[in-house]
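Chain by chain, the residues:
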Amino acid sequence: MESRGVPWLPAFVVTVLSASGSALAANSNYCNGPLVSVLPPTSFEGSSTSSSSQSSHYAKLNRRDGGGGWTPGHTDTQHWLQVDLRERVEVTSVATQGRYSSSDWVTSYMLLFSDAGRTWKQYRQEDNIGTFYGNTDADSVVHHKLSHPIRTRFLRFVPLDWSPTGWVGLRVEVYGCAYKSDVADFDGRSSLLYRFNQKSMSTVKDVISLKFKSQKPDGVLVHGEGQRGDYITLELHRGTLALHLNLDDAKLHPSSGHTSVMLGSLLDDQHWHSVLIERFNKQINLTVDRLTHHVRTKGADDSLEVDYELSFGGIPLPGKPGTFLRKNFHGCIENLYYNGVNVIDLAKRRKPQIYSGNVTFACSEPQLVSTTFLSSSSSFLKVPVEPLMEGLSVYFQFRTWNHEALLFSATLAQEPERLVLLLINGQLRLTHHLAPDYGAASLTARPPLDGQWHSITISLRGLQVSLTLDSEPTSTLELRDSVDPGSSIFFGGCPSTLSSQSCRNPTMAFQGCMRSITINNQPMNLLHVQQGLLGNYSKLQFDICGIRDRCLPNFCEHDSQCSQSWSTFYCDCSGTGYTGATCHNSIFEPSCEAHRQTGSASGYFSIDPDGSGPLKSTLVYCNMTEDKVWTVVKHSSSGAMSVQGSTLQQPHVARFNYSASPEQLRILVGRSEHCQQEVAYRCRKSRLFNTWDGNPLAWWLDRSGEKRTYWGGFLPGVQQCSCKKNLTRTASAYRENDTGLLSYKDHLPLTEIVIGDTNRTGSEAVYTVSSLQCYGDRFLWNSASFYQESSYLHFPTFQAELSADISFYFKTTATSGVFLENLGAKDFIRVELSTPSAVTFIFDVGNGPVVLTVKSPLPLNDKQWHFVRAERTLKEASLQVDRLPLRFMEAPSEGHYRLQLSGQLFIGGTASRQRSFLGCIRALSMNGLTLDLEERAKMTPGVSSGCPGHCSSHNRLCHNWGKCIEKSSGYECDCTHSAYGGPHCKTEVSVSFESGSSVTYTFQEPFSVMRNKSRQSSAIFAQSSKSRESIAFSFLTNQAPAMLLTVSTYHQQYMAVILSLNGSLQIWYQLNREKRPDVFIPHPYGLANGQLHRVQIHREGKDICFIGSCNRVVIMKSSAFIGRAGVDEEVLQAGSRGFVGCLSSVQFNHLAPLKAAILNRGSSLISVLGNLVESNCGALADKSSSHSGKERLKNAAQTDSAVIGGLVAAVVLVTLCMVAVMTRFLYRHRHERSQQMAPVKEKDQPPLPSRLEHGFHAELDLRTAVAARDSRKEYFI
C-alpha cells in the first residue's frame, strides 16, 4: 500500500500507465497497423469452402488472386471465417470487402473473439449493438473503428446477411498493435502473497487494477486486513464482483464502518474483465469493465491499516499453507498492479516480498464447450442414446433468465411414454407421461433463475425416476412398471416435424445455454454435433454462451425493480409512484391546481411537481377555496414555541423539517404563482434588532441557508418588522404581538429561526411559524402565440438520451406546422401537425426513423385546445392526441437506444425555418420540466406571450373534467366526460336508490380496463403492461352491508366496492381467476352513518391509491393485500342486500355511468332495475336522505353484448362473477381484429370505451381512449 506522505498523484499515474499502457496506445495513432496482411495461409480457417480457389486464406483485404476472397459452401448453414493473429494483440478496428469482382459480399456480420480458438464471445459496440453493417458491393471497403479495443488472438467473422443477388463473399483486415501482459494462473488452491517491508501499512490513498477471467462464479481476488479491524476484500460472488471495506477500529466502532459495493454480472464467463479500485480517504470508485460505481465509506476513520501482507487469489489461514478461509479464485489474473507495484512481475522474478503458492504464469484454457439455444420456438438439440441395461442417466448444466421452457424430453421404449423436464412458472417439473389412459406423474424443484449455471441430474433405474438440482436433496418418483429408454433425447425443444406424441414444445422452447451434457456417464461432444458427425440440431450456436444481463445497467427508472427474460427486460413499478414500460411517468398530478381540475375537493394529495423528473412525489394538503387553490406543506414545529434565557452568544435555534425535501420545495415554490409563510411573534422585553447600532438580535435562514433579517410586511433586505415600535418596547407590563407574512418566493420556505435577546429578567418571546402555503400553477396556462411563418422559440438541447416525454396543448387554424424539433448529428426528434386532422411523432436513434401518427375523425385546426403527449423509452414509443386511441410501437430488442441530440430545441418551427407552426401552444412539458414559453416569447419577434380567447386564461371556467369550448361570442363547457352537469360542470348528478334498484352500464366492444394490454404468454412478466382504473363517487347511506359499485369482465375478473357488515369500506379485486381475490380495507370505520362520503380510488398495476372522507392518502402494494379464501361471502352478502341511499357524481375512468343513465334512459347499453329517483343529496350533504320528486327511471332492456358491466347498487352473485355472453358478431369482430394486428408490432390501443351508438346524446359521446394526459388525470389520490 501507499504509505502516508507518499504523493497521491505519482502513484496514480504510475498505476494507470503501467496497467493501461496498451489502452493508451490504442487511443493513439500508433495502434492502427494492419495485422492480417502479414499472416501466413495457416492462420485462416473457414467453416467450409465453396472451392479451392475461394478458400479462407484468400480472404485478405484487396487480394485478387485465387477466387478473390473466401466463399463458404452453399450447404453450410453456420458459416464463419476465423483468423489466428498468432498471439494476443490489441485490436482497434476491422474492415471488410466482398469477393473480388463478383456478386458475393456480406451485408451484416457478427464479430467473435477468443484467446484460444475456443469459448467465443460476441463483440458488442456502444448501445450493446452486436451487429456490424457490411458491404453493398464486392470491392468497396467498409471500415469499423471499435468503440472499445479488445485484446485477443482469434477473431471470427460470422456473416448474418449477404448479397441478395449472390452469396457470401468476404475479404478482411484487422488493425491494432502488439499487446504485452503479465499473467498468473490460479487453480483454486493457489495464491500470491505480497509482503510489506514493515509490520503495518496505513494509507489514505490506494489504487488497485487488474484483469481477470474466471472459471467459477465465486472466489477471492484480493484480501488484506489489520489487527485493529481494518480490511479490504475484493471477491467474486455468484458472478458479481463485491468490494468489502472497513476503515474503522473494530474496538471503537464495532459495526459502523463496513461498506460493500456490488458491480458487474455474469463475470464467470471465462473471458477477461477489467477492474479498477480508486480510494481517497472515504471516497471509493469501483470500475468493472466500463461501469463505475461511486460510494463513500461509512464510519469515522479515513485510513486503511493492513498488517504484514496482501493476498491475491485467496485468504490463507495463518500458519496453514494451502488452507483458506473462503473459496479461492479459479482462473487467471493479468496486469495486477497495487499502488504502482506490478505484483505478478515481482512473482515471476521471484522477488523476496512475493510468496507464490502453486501459481503458474501461463493462463490455462478451460475445455468446457457451451451451446446457446437462440430461438424460443425452433431451437433443439437431438442426441442418440446408447442402450444401457441399467436404465438411463442424464446430466447437464444450464443457465437462463426465462421462466418457461422445455429443457429435456426423452421418448421411452414403451411408446408413447416419455420423460419430460419443463420449466413452468420458474419451477422445474419432471414428468413421466404414461399412455393417455393412465395420465402422468411429476417431480418438482425450483431453481433460482438468476442467470447462473445450475446442474441437473435425471436418473431412470428400475421402478424409480429421480431428479437432482445442484446440490439439493434428490427427489424420487415411484413407477408402476419398469421402463426402458428410447433411442434419442431432445434438449431445449422439439422439431416441428415430429408428431405431438413423441416430442412437443410447450409454450416456449428453451432460450439459454447448456454445457457438460453427459448421457449414461458418456460426455457428449458438442463440436461433433456442430460438424454434423453426431445427432441433429436447429438454431444453436456452439462454443459460445450468449447470455446477457439486460438489467445491467438498470434502465428501470425511479428505483423500480428490473427483471428480464432472454430477449428483453421488464420494470416493476409497484410502490414507486410511477408507471410505464420503464417506470418513467408519474402517476400523480403536478400540483393542487391540477387536482382541482379533476374535480377533487379539499384533502391530502400526493403531487409530483417535476413529473417524470428525478424527484419523487410529496404529500401536501390541497385547500380548494372558491377563488384559489392553496397548497399547504407542513413542517415539524407547527405549535407555539416559548424562548427564554437566550443570548447572541448562546441563542435559541429552531430548525424546521418539512414534509417535502428541499429540492421538492424549490420546484413547488417555483411552479406556484404566490407563496407565503406567516410568522407570529409575541414578546416581552425581547427585541428583534438593536435600536442603537441596527445589529440583528434575531433572524431566520431561507431555503438556501442564507441569513435573513427582514420580517413580514417588508421586502427582502429591509431590517424591520410590521410593528417595530411595539416589538422593541421593554415595559414588563406589556406583551406585544406582531404577525407578518414572508412572501418573497426565492427565500421560501423558512428553514431555521434564531432568537438571541431573552436573557433579561422577565424577558420572553413566543413565536409561531405557519406551514408553507402557495397558490396557483403558473405552468398550467403558460403559453405563447406564433403569428409569423418564420417565428419560433429556441431553448437549450433537449436531454433525452434514454427516455423522453413531451406533452402540451395547442390550438390553431393552420393546416400543418411543426410544434417542436431537436436535431443531432444523425439523430432527431420532431412533433408536428402533419395534416389538418393528424399529429405525427417522428424520431431516429440510429436505427432509422420511427413514425407514429394519430388521425382524428374531426379536424384539429378548429381553434379549440387539443392535447398531445409523445413518449419514447427504451421499450416503446407512444403518441396520444386528446382521447383518441393511443398509438404505440415496441422498440426492437437489439439496436441503438441512445437519442443523441446536439442542436438547439426549436418550439413552433424548425432549424430550417420551414413548416413553422401558426397558433398557440401552452403547458409544454418535456421530461418533467415545463418550459417558460411566456418569458421567452417576450424577447422573440413574431411570438407573443399568452393566447387570446376565453379558454386561454387562468380562470377556471369549466370544472370537474369539463372542457372549455371557444365560441364566436363567448364559450361553453363540454361536460361529456364529467360526472357533473350544468353550464360549468359543477352541478352534482345524484340518484336515490330504493331497495332492489340498480343501474348497469355495458360497454359495446371488448377492451382492456382491468386486463393487461399485453397478451404475452409469459405471465411472469405480465406486470410490465400495466392495467388501471380510476373511480370516484360520493355516497350517503344508513345501511350496511351494501354494494356500492362493481365492474366485471368477460374474463371473469371483477372489482367491487362494498360496505361490510360493520360499515367499513372494502375494495375487492379478482384479477386472476386462478387465484384468490384480494381485499383492501382503506377505511376500517363505519361509514353507514347517514353522512355524505367522497371516495376516490386509483389502481395502477399492483398499486392502489385511495382517498376517502378521512382526507388521508393510502397507497397499498399488492404484497399488503389480505387474501380471502373460497367464495366471496362478504361480496355476496353485500350484493344480496343491494344499496339504499344516495349515490352522487359517479366517475369510472372517462365515463359517467350514473349521469348517462339519467340523460340516456332509452339506450340499449343502460339497464335500470327498480325505481331510481334523481336527487340532490350531493348538494345537501347535511341531510341523510333527500327524495325530491323527480322523474322516475323506467326499466330498460338489458343487452347481452357486455364485456365489462358497471353495476351501481344491488347485484346478484351470478351477475357479479359471470358476464353476459358476447354476441357472435363481437366475437368474430374481435377475432378478425386480432388476426389483422398480429403481423405488425405497431398497435392501436382500443378506445376506452370504443365507439358507442351514434344515436346517443352528446353527454354520452364517449369515443375515448385511455389518453396519456387524461389518464394521468384519472389518478384521484
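Residues numbered from 1 in each chain as written. Predicted model: local features only at pLDDT ≥ 70, side-chain atom pairs only at ≥ 80, totals over all residues. Heavy atoms only, no water.

Moving on, we come to the overall build of the protein chain. A tally of helices and strands in the protein chain yields 13 helices and 90 strands. A buried classification covers 57% of the 1277 residues belonging to the protein chain. In the protein chain, of all internal contacts separated by at least 6 residues, the share reaching a separation of at least 24 is 70%. Within the structure as shown, the protein chain displays about 53100 Å² of accessible surface, and the carbon and sulfur contribution to it stands at 50%. (Helix = DSSP H or I, 4+ residues; strand = E, 2+ residues; numbered from the N terminus. Buried < 20%, exposed > 50% of the residue type's maximum accessible area, 1.4 Å probe, protein only. Contact = heavy atoms within 4.5 Å. Areas by Shrake-Rupley, 256 points an atom, 1.4 Å probe, with all protein chains shown as cover.)

We now examine the state of the cysteines. Joining two cysteines, a disulfide is a covalent bond between their sulfur atoms. According to the stated counting rule, one finds 10 disulfides in the structure shown. Between the sulfur atoms of Cys-573 and its disulfide mate Cys-583 the distance is 2.0 Å. Sign of the S-S torsion, about -95° for the bond between Cys-573 and Cys-583, identifies this disulfide as left-handed. Residue Cys-573 is located in the loop between β41 (569-572) and β42 (578-579), and its partner Cys-583 is located in the loop between β42 and β43 (585-586); the two are separated by 10 residues in the primary sequence. Just as Cys-573 is buried, Cys-583 falls in that class too. For Cys-975, the disulfide goes to Cys-985, at an S-S distance of 2.0 Å. The S-S bond linking Cys-975 to Cys-985 shows a torsion near -95°; that makes this disulfide left-handed. Linking Cys-975 in the loop between β71 (970-974) and β72 (980-981) with Cys-985 in the loop between β72 and β73 (987-988), this pair joins segments that are 10 residues apart in sequence. The same class applies to Cys-975 and to Cys-985, which are both buried. (Disulfide = S-S within 2.5 Å.)

In this section: the environment of Ser-202. Following the sequence through the fold, Ser-202 ends up in strand β10 (residues 191-203). Note: C-alpha distance between Ser-202 and Asp-307 (105 residues apart in sequence) is 8.6 Å.

Attention shifts here to helix α9 (residues 1129-1137). When we look at burial in α9, the residues that qualify are Val-1131, Ala-1134 and Gly-1135. All buried residues of α9 fall inside an arc of 100° around its axis, so they share one side. Seen from the buried face of α9, the exposed residues on the opposite side, beyond 90 degrees, are Glu-1129 and Ser-1136. Downstream of α9 by one or two residues, Gly-1138 has phi in the positive range, about 70°. (Arc of directions from axis to C-beta.)

Strands in a sheet are paired, the pairing made by backbone hydrogen bonds, and the direction either parallel or antiparallel. Taken together, the four strands give an open sheet; going across it, the order is β48-β53-β50-β51, and neighbouring strands pair in antiparallel fashion. Two strands close off the open sheet at either side, each with one partner strand: β48 (652-655) and β51 (707-708). Pairing analysis gives four bridges linking β48 to strand β53 (residues 752-755), with the strands arranged antiparallel. For Arg-655, the partnering residue across the bridge sits in β53 and is Glu-752. (Pairing = 2+ DSSP bridges.)

Attention now moves to the sheet that holds strand β24 (residues 354-357). Strand order in this open sheet of seven strands is β15-β14-β13-β12-β19-β10-β24, and the pairing throughout is antiparallel. Where the open sheet ends on each side, the last strands, each with one partner, are β15 (259-263) and β24. In this sheet, adjacent strand axes meet at a mean angle of 20° when their direction is disregarded. As defined by bridge partners, strand β14 (residues 240-246) adjoins β15 across five bridges and the pair is classed as antiparallel. In the strand pairing of β15, Leu-241 is matched with Leu-263. (Axes fitted to C-alpha atoms, helices over the stretch in contact; angles between N-to-C directions.)

Let us look at helix α6 (residues 662-671). Taken together, the buried positions of α6 are Gln-664, Leu-665, Leu-668, Val-669 and Arg-671. Across the axial projection of α6, the buried residues extend over an arc of 165°, all falling on one side. Considering only its buried residues, α6 is in contact with β44 (603-607), β45 (618-624), β46 (629-633), β49 (674-684), β55 (772-775) and β68 (929-930).

Let us look at the pattern of salt bridges. For the coordinates displayed, the defined rule picks out 42 salt bridges. Put simply, Arg-898 and Asp-127 hold a salt bridge, and the shortest N to O gap is 3.2 Å. One end of the pair, Arg-898, is in the loop between β65 (887-890) and β66 (905-907); the other, Asp-127, is in the loop between β5 (121-122) and β6 (132-133), and 771 residues separate them in sequence. The exposure class of Arg-898 is partly exposed, given its relative accessible area of 25%. (Salt bridge = Lys/Arg side-chain N within 4 Å of Asp/Glu carboxyl O.)

Here we come to the packing of aromatic side chains. Going through the model one piece at a time under the given rule, you end up with 30 aromatic pairs. Ring geometry for Trp-700 versus Tyr-710: centroids 5.3 Å apart, planes at 70°, classification edge-to-face. Taken together, the residues span a long stretch of sequence, with Trp-700 in strand β50 (residues 698-701) and Tyr-710 in the loop between β51 and α7 (724-727) at a distance of 10 residues. Judged by relative accessible area, Trp-700 falls into the buried class, the value being 0%. On the numbers, 6.3 Å between centres and 45° between planes, the contact of Phe-1033 with Phe-1035 is tilted. The exposure class of Phe-1035 is buried, given its relative accessible area of 0%. Here the aromatic residues Phe-373, Phe-396, Phe-398, Phe-408, Phe-491 and Phe-510 are joined through ring pairs into a cluster of three or more. The cationic tip of Arg-156 hangs over the ring face of Trp-80; the distance from NZ or CZ to the ring centre is 3.7 Å. A cation over a ring is seen here: Arg-936 above Phe-795, with NZ or CZ 4.4 Å from the ring centre. (Phe/Tyr/Trp six-rings, centres within 6.5 Å; stacked < 30°, edge-to-face > 60°. Lys NZ or Arg CZ within 6 Å of the ring centre and 35° of its normal.)

Mean pLDDT for the protein chain: 81, with 81% of residues reaching 70 or above. Below a pLDDT of 50 lies the segment residues 1-28, which in the model reaches 57 contacts outside its immediate sequence neighbourhood of four places, other chains included. Note on residues 1181-1277: pLDDT under 50 across the span, and 282 contacts to partners over four residues away in sequence or across chains. (pLDDT = per-residue confidence, 0-100.)

Turning our eyes to something else, we now look at the pairing of β45. Alternating positions in β45 separate cleanly, Thr-618, Val-620, Cys-622 and Met-624 being buried on one face and Leu-619, Tyr-621 and Asn-623 remaining unburied on the opposite face. Relative to β45, β44 runs antiparallel, the two being bridged by five bridges. Paired with Ser-606 across the strands is Leu-619, a residue of β45. Inspection of the sheet shows β45 paired to β46 by four bridges, in the antiparallel sense. Paired with Tyr-621 across the two strands is Val-632, which belongs to β46. Hairpin connection between β45 and β46: a loop of four residues separates the two successive antiparallel strands.

Okay, the environment of His-794 next. When you line up the elements, His-794 lands in strand β57 (residues 793-795). Separated by 28 residues in the primary sequence, His-794 and Asn-822 place their C-alpha atoms 9.7 Å from one another. In contact with His-794, other than residues within four places in its own chain, are Gln-904, Leu-905, Phe-906 and Arg-936. A polar contact of 3.4 Å, which involves the side chain of His-794, links it to the side chain of Gln-904. (Polar contact = N/O pair within 3.5 Å; in protein donor to acceptor, adjacent residues only side chain to side chain.)

The residue Thr-152 is located in strand β7 (residues 142-162) in this model. In terms of polar contacts, Thr-152 uses its side chain to reach the backbone carbonyl oxygen of Ser-114, at 2.7 Å. At 3.2 Å, the side chain of Thr-152 forms a polar contact with the backbone oxygen of Phe-154. Apart from residues no more than four positions distant in its own chain, Thr-152 is found in contact with Leu-85, Glu-87, Arg-88, Val-89, Val-91, Phe-113, Ser-114 and Asp-115.

Put simply, Leu-748 and Pro-749 share a cis peptide bond, and its omega is 5°. Tracing the sequence through the fold places Pro-749 in the loop between β52 (736-742) and β53. The amide bond that connects Ala-1040 to the next residue, Pro-1041, takes the cis arrangement and shows omega of 0°. Tracing the chain through its elements places Pro-1041 in the loop between β76 (1028-1037) and β77 (1042-1049).

With respect to the helices and strands, Thr-372 occurs in strand β25 (residues 370-373). Looking at Thr-372, its side chain comes within polar contact range of the main-chain oxygen of Ile-544, at 2.6 Å. Beyond its immediate sequence surroundings of up to four residues, Thr-372 is in contact with Gly-512, Cys-513, Lys-539, Leu-540, Gln-541, Ile-544, Cys-545, Gly-546 and Trp-566.

Remember that side chains alternate between the two faces of the sheet whenever the strand is regular. The sheet contact formed by β10 and β24 spans four bridges and is antiparallel. Note on β24: the bridge partner recorded for Ser-191 is Gly-357. Note that β10 and strand β19 (residues 304-312) share eight bridges and pair antiparallel. Bridge assignment links Ser-200 to a residue of β19, and that residue is Asp-307.

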